[in-house]
Amino acid sequence: MIGVRRMEQGEISLSDREFSRIKSRVYQVAGISLSDAKRTLVISRLSKIVRALGLPSFDAYVDYLERNGSASDGQDFVNALTTNLTRFYREDHHFEHLRSFVGALIAEKPRGSRLRIWSAGCSTGQEPYTIGMDLLAAFPELKRWDFKILATDIDTAVIAKAAAGAYPENELSGLSAERARHLEKVGDGTIRIPAAVRELVSFKPLNLIAPNWPMKGPFDAVFCRNVAIYFDKPTQGEVFGRFSKLMAPEGFLYIGHSENLGSGGDGFRLVGKTIYQSKQKLNKREAA
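Structure report, in brief. (Residues numbered from 1 in each chain as written. Predicted model: local features only at pLDDT ≥ 70, side-chain atom pairs only at ≥ 80, totals over all residues. Heavy atoms only, no water.)

Right, let's talk about the environment of Pro 128 for a bit. Along the chain, Pro 128 turns up in helix 6 (residues 126-138). A relative accessible area of 0% means that Pro 128 is categorised as buried. It is 15 Å that separates the C-alpha atoms of Pro 128 and His 93, two residues lying 35 residues apart in sequence. (Helix = DSSP H or I, 4+ residues; strand = E, 2+ residues; numbered from the N terminus. Buried < 20%, exposed > 50% of the residue type's maximum accessible area, 1.4 Å probe, protein only.)

A separate point is the packing of helix 3 (residues 58-67) against helix 4 (residues 71-81). Helix 4 packs onto helix 3 with a crossing angle of 135° between their chain directions and a minimal axis gap of 9 Å. In terms of their interaxial angle, helix 3 and helix 4 are classed as oblique. As helix 3 packs across helix 4, the resulting crossing turns out to be left-handed. Packed against helix 3, whose contacting residues are Tyr 61, Tyr 64 and Leu 65, the element helix 4 presents Asp 73, Gly 74 and Phe 77 at the interface. Considering only residue class, the contact of helix 3 with helix 4 consists of four nonpolar, one polar and one charged. (Axes fitted to C-alpha atoms, helices over the stretch in contact; angles between N-to-C directions. Parallel < 35°, antiparallel > 145°, perpendicular 65-115°, else oblique. Left-handed = near helix turned anticlockwise from the far one by under 90°. Contact = heavy atoms within 4.5 Å. Nonpolar A, V, L, I, M, F, W, Y, C, P; charged D, E, K, R; others polar.)

Quick look at helix 5 (residues 92-108) now. Its 17 residues give helix 5 an end-to-end C-alpha distance of 25 Å, which sits within 8% of 24 Å, the value for a rise of 1.5 Å per residue. Those residues of helix 5 not exposed but buried are His 94, Phe 95, Leu 98, Phe 101, Val 102, Leu 105 and Ile 106. For helix 5, the buried positions fall inside an angular range of 140° around the axis, keeping them on one side. Counted as exposed and oriented over 90 degrees from the buried face of helix 5: Ser 100, Ala 107 and Glu 108. (Expected span 1.5 Å × (residues − 1). Arc of directions from axis to C-beta.)

Take a look at the structure:
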């Protein structure tokens, strides 16, 4: 039946036509490619929004977004359909490689040199904060460098949570004592990122398929891990190709374990497990 039917759990039934409209919209506005297997997820995450708006169906909801919805309504739609899975020190070999790279930079460049790292698709912030904690612990002299981390995500709700820098204490589970000590226990089952690390990170909302990105680079390292898996192949290639244009010469791109650069890989060469280096070369003046 294609009509509207309230389900026992308070969810709303989703017809094939409605599901197709939702898939089309989230692809157009966020580049997210939803498979048919995501039907239950769509029902679960959007039903409460549809009910809150007092609308009778998903068709009516998409009509509302297209005709009367505000920018905030559109953002709520995207926020509801993004997936945010992350943790501190995820893919440890990436951080080991980053430490080696930054150690070499410190050996070559004078105090006050510039270092820029971008965490694209930062979710609730564990990735950029791990970058900051790990590098400051390994290289305290970075405090005297022009060192900044940009952290972006399309989901404004997770950006707000990330910027607060506070997490439940169970986030320490699985971390070694050496790593756990970098996070401050503040009581009431909460841990907080130290101020010296929070000050390094700027959190900004960003849609990776937007026609213009506000940042200009160059970035010495870019982390874009487990983000492209939600894009189709053409979108993946376009996004990775745009990263290549913002990389510092011989900078590094870190991606997820199940991802590859596809058509966006022309500007990079593979140098390690899911680690790519920009093919841009240092000129003699930069190397001096």
